[in-house]
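Residue-level structure breakdown
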Amino acid sequence: EAFETAKRLGLSTILGQIDAGPFAEEIYDQAYSQIGLLNERRSRPPKAYWGSWHRECELADLIVVNSQWSKRSLERANIPADKITVIPVAFDTNDFGRREKSYESIVPAKFSFDEPLKIIFIGRVSIEKGIHHLLQAAHELKKDPVLFQLIGALNLSRQLLASAPGNVQFIGPVPRGSVKTHLERAHLLLFPSPSDGFGIVQLEAHASGLPVLASANCGDVVVDGQTGLILAELTPAVISDAIRRTIQHPEALVAMSRLAHNRAMDFSLARVGRMWVQEIRSMQSMDQLTQ
């Protein structure tokens, strides 16, 4: 209704789209189907929602998404590409920039079962976040020196929880203020989401000096091979292979850590704010030309 009113008043309209739209729902359904959980209840928007969403997209003069992944996903839903622009999430590094211990000091010269590679996941522990891929990769890595720590509210079936191997720890939800502490105790963040509009936890990790092993289906934060690794495919085999390579080269993690914090600063409020100003001014210029 707000968009309808705005158009009647002759106002320009901007739709902020925080996820990948209906294509993401297809991906989540496919994930549940692949692991035999399609009949499990999961939160879905009502059918009427997507009709309203398409109408808002039609009325919007500009649709702002936070990632190229979301842009491509909206194009799959037949949203005109020339209506969509990518502006990433803004992030303040001040809350994460100072570590109690340097990253170098917590990385051993060689990972072992006494000093395993500590991989952290932060977010809702669910199929929608790719936890099924993480758990399957953990099974494949049971004979390797690696420990997975999952922080966040649990939204998994009892079957999946019971089948988790011993190298996976479910820590559960933690206070917002302690997220930084958990990040600083880990060596690597794993972000295996099959679809995410951005994934700000990647920036929280980078600001803490933590490399990230990331899905390609999210915000463009990780610089592949420099601040972390981007998974070519989102499969347990690809995840476990990347982790094994990381275990063999702890010095590469240290090098990535040194670049990670500066990468997080690329998403400063000032820089992202300038992108918004540029887009709004461009809209104003177009309005003047059409008047």
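Now for a description of the structure that goes with this document. (Residues numbered from 1 in each chain as written. Predicted model: local features only at pLDDT ≥ 70, side-chain atom pairs only at ≥ 80, totals over all residues. Heavy atoms only, no water.)

Some remarks on the overall build of the protein chain
- Each helix and strand in the protein chain was counted, giving twelve helices and eleven strands.
- Expected size for 291 residues packed as a compact globule is a radius of gyration near 19 Å; at 21 Å, the protein chain falls within 12% of this value.
- Principal-axis analysis of the C-alpha atoms places the extent of the protein chain at approximately 70 × 45 × 35 Å.
- Here the protein chain holds 291 residues, and the buried ones make up 50% of them.
- A fraction of 68% describes how many contacts in the protein chain between residues 6 or more apart in sequence connect residues 24 or more apart.
- Accessible surface for the protein chain amounts to roughly 15,000 Å². Of this, 51% is attributable to carbon and sulfur atoms.
- Both charge centroids of the protein chain, one from 31 positive and one from 32 negative side chains, sit 3 Å from each other. (Helix = DSSP H or I, 4+ residues; strand = E, 2+ residues; numbered from the N terminus. Rg over C-alpha atoms; globule rule 2.2 N^0.38 Å. Buried < 20%, exposed > 50% of the residue type's maximum accessible area, 1.4 Å probe, protein only. Contact = heavy atoms within 4.5 Å. Areas by Shrake-Rupley, 256 points an atom, 1.4 Å probe, with all protein chains shown as cover. Lys, Arg positive; Asp, Glu negative; His and termini not counted. Charge placed at Lys NZ, Arg CZ, Asp CG, Glu CD.)

Structural notes on the pairing of strand 1 (residues 14–17)
- Here strand 1 shows a buried face lined by L15 and Q17 and an unburied face lined by I14 and G16.
- Note that strand 1 and strand 2 (residues 62–65) share four bridges and pair parallel. Each bridged residue has a counterpart across the sheet, and for G16 the counterpart in strand 2 is V64. (Pairing = 2+ DSSP bridges.)

What to know about the nonpolar core
- If you look at the biggest cluster of nonpolar residues, it comprises 59 residues, and the most contacted ones within it are F148, L183 and I243.
- Those residues in contact with I243, other than ones at most four positions away along the chain, are L117, I119, L141, V146, F148 and L213.
- Counting 13 residues, the second largest nonpolar core, distinct from the first, contains F3, L59, A60 and I84. (Core = buried A, V, L, I, M, F, W, Y, C linked by side-chain atoms within 4.5 Å.)

Considerations on the sheet that holds strand 3 (residues 84–86)
- An order of 1-2-3 is seen for the three strands of this open sheet, with the pairing classed as parallel. Strands with a single pairing partner mark the edges of an open sheet, and in this sheet they are strand 1 and strand 3. The sheet shows a mean angle of 25° between the axes of neighbouring strands, taken without regard to direction.
- Pairing of strand 2 with strand 3, which is carried by three bridges, proceeds in the parallel orientation. Its bridge partner being in strand 3, I63 is matched across the sheet by I84. (Axes fitted to C-alpha atoms, helices over the stretch in contact; angles between N-to-C directions.)

Comments concerning the pairing of strand 6 (residues 146–151)
- Within strand 6, six of the six residues are buried, which leaves the element mostly enclosed by the surrounding structure.
- Both faces of strand 6 are covered, namely the face carrying V146, F148 and L150 and the face carrying L147, Q149 and I151.
- As paired strands, strand 4 (residues 117–122) and strand 6 are joined by six bridges and run parallel to one another. The partner of F121 across the bridge, within strand 6, is L150.

Considerations on unusual backbone geometry
- Residues other than glycine seldom take positive phi values, yet N78 does so here, at roughly 65°.
- Summarising the element assignment, N78 is placed in the loop between helix 4 (68–76) and strand 3.
- Given a relative accessible area of 69%, N78 falls into the exposed group.

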